[in-house]
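# Report on the structure
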Protein chains: 2
Amino acid sequence: MNVTISNTSEKPIYQQLYEQISAQILKGELESGYCLPPIRQAALELHVSVITVKKAWEELERSGLINTVTGKGCFVAEFSPDEMLRIRNEMVLKQMEGDTSYYKSFGLTLDEVIGLLNKIY
Amino acid sequence: MNVTISNTSEKPIYQQLYEQISAQILKGELESGYCLPPIRQAALELHVSVITVKKAWEELERSGLINTVTGKGCFVAEFSPDEMLRIRNEMVLKQMEGDTSYYKSFGLTLDEVIGLLNKIY
DNA sequence: ACATTGTGCATACACGGAATACACAATTTT
DNA sequence: AAAATTGTGTATTCCGTGTATGCACAATGT
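Since this is a predicted model, take the numbers as computed values, not measurements. (Residues numbered from 1 in each chain as written. Chains lettered and ligands numbered in written order. Predicted model: local features only at pLDDT ≥ 70, side-chain atom pairs only at ≥ 80, totals over all residues.)

## A few points about the protein's contact with DNA strand D
Inspection of the region around DNA strand D gives 22 residues, with Pro 38 of chain A together with Pro 12, Ile 13, Ser 49 and Gly 71 of chain B positioned closest. Within the residue set of the surface near DNA strand D, elements represented by two or more residues are helix H2 (39-46), helix H3 (50-62) and strand S2 (73-76) of chain A together with helix H1 (13-26) and helix H3 (50-62) of chain B. For the surface near DNA strand D, the leading source of residues is H3 of chain B, giving three residues. (Near = placed C-beta within 6 Å. Helix = DSSP H or I, 4+ residues; strand = E, 2+ residues; numbered from the N terminus.)

## Concerning the pairing of S2 of chain A
Pairing between strand S1 (residues 66-69) of chain A and S2 of chain A: four bridges, direction antiparallel. Counted as the bridge partner of Asn 67 of chain A is Phe 75 of chain A from S2 of chain A. (Pairing = 2+ DSSP bridges.)

## Considering the interface of chain B and chain A
Tallying the contact residues gives 26 residues for chain B and 26 residues for chain A. When contributions to the side of chain B that touches chain A are tallied by element, the ones reaching two or more residues are H1, helix H4 (81-105) and helix H5 (110-120) of chain B. Among the elements that make up the side of chain B that touches chain A, the one with the highest residue count is H4 of chain B (twelve residues). Across the side of chain B that touches chain A, the residue classes tally to 16 nonpolar, five polar and five charged. (Contact = placed C-beta atoms within 7 Å. Nonpolar A, V, L, I, M, F, W, Y, C, P; charged D, E, K, R; others polar.)

## Considerations on the domain arrangement of chain A
What the domain assignment reports for chain A is domain 1 (1-79) and domain 2 (80-121). When each unit is reduced to the centre of its C-alpha atoms, the spacing between domain 1 of chain A and domain 2 of chain A is 25 Å. (Domains from an automatic or database assignment.)

## Concerning the UniProt feature "domain: HTH gntR-type" (unreviewed entry) in chain A
The UniProt feature table records "domain: HTH gntR-type" (unreviewed entry) at residues 11-79 of chain A. Regarding residues 11-79 of chain A, the helix share stands at 51% and the strand share at 12%, and the terminal C-alpha atoms are separated by 28 Å. (UniProt positions renumbered as here; feature names shortened; annotations may be inferred.)

## Thoughts on the relation of the copies chain B and chain A
For the pair chain B and chain A, the best superposition has an RMSD of 0.0 Å and corresponds to a rotation of 180° with a translation of 0.0 Å parallel to the axis. This pairing of chains is accounted for by a two-fold axis. (Least-squares fit on C-alpha atoms with pLDDT ≥ 70 in both.)

## A look at the protein's contact with DNA strand C
DNA strand C sits among 22 residues. The nearest are Pro 12, Ile 13, Ser 49 and Gly 71 of chain A together with Pro 38 of chain B. Elements supplying a minimum of two residues to the surface near DNA strand C: helix H1 (13-26) and H3 of chain A together with helix H2 (39-46), H3 and strand S2 (73-76) of chain B. Taken together, the residues that form the surface near DNA strand C break down as eleven nonpolar, eight polar and three charged.

## Some details on the packing of helix H4 (residues 81-105) of chain A against H4 of chain B
If you want to describe how two helices pack, look at the angle between their axes and the distance between the axes. At their nearest, the axes of H4 of chain A and H4 of chain B sit 11 Å apart, and the two run at 175° to each other. As summarised for this structure, H4 of chain A and H4 of chain B are arranged roughly antiparallel, according to the angle between their axes. In this structure, H4 of chain A uses Val 92, Gln 95, Asp 99, Tyr 102 and Tyr 103 of chain A to contact H4 of chain B, whose residues at the interface are Val 92, Gln 95, Asp 99, Tyr 102 and Tyr 103 of chain B. (Axes fitted to C-alpha atoms, helices over the stretch in contact; angles between N-to-C directions. Parallel < 35°, antiparallel > 145°, perpendicular 65-115°, else oblique.)

Right, here's the structure in full:
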């Protein structure tokens, strides 16, 4: 459970958990079959509600990143390296589509976006 | 008043207004000195509350994009073309910093980001 | 004076996020 | 079999934000 919660963030806590853990899974930092901490324990450690953790785990399940078994726990799903890359790009692309529509609304060209990107990445 | 409001959007209405109008100003579609519609009239046209329009206009004022005069109206501020570009890039960069931190959390390199960008822009 | 425009405030409602608590189901441990 | 563990479901409550409505006030213009 190597996650950081920001109470001042505009993003809800359950989404922060979801994003950080899904990133860890897709970077291979959490091995396939790894058992996530029980939601009650995670809630205690993170000082948040059980429901909040539950929501995050639900999103992970819905994205196919973990398998949940009542009475046992939540386990990181099995992926081939190719699948991991595909899912990762899929998730990033989904986010990127919203981002680029913002850039486009300001009339930026692709080259301009890349130019700005080079400055800060 | 060429703006589109989405009630299903995750973004609040006042922010949709702010983003669209600021983009129009920075693209030069709204000339310097142009008088925005009175908030009551805008609220009627857009079928939203006066307060909602007010919030959007306040953000425009705070960003220095318009000048508000009680009893007269709200007027697009004066910009040199250079200033317009600078402010535009400033606003986009601010947004882009949040976007890239998301990409980075998934371990994407700059080249990977540019690669995905080329596909969808 | 009167109309127009922006400002400020009070009230109200809806919704989402979050917390707490309790009961139930499935599995594991003893 | 009994108890503990773990996930699920539900009910209740609280809070902040977004939004709407209405009214009163300030500044400007005719």
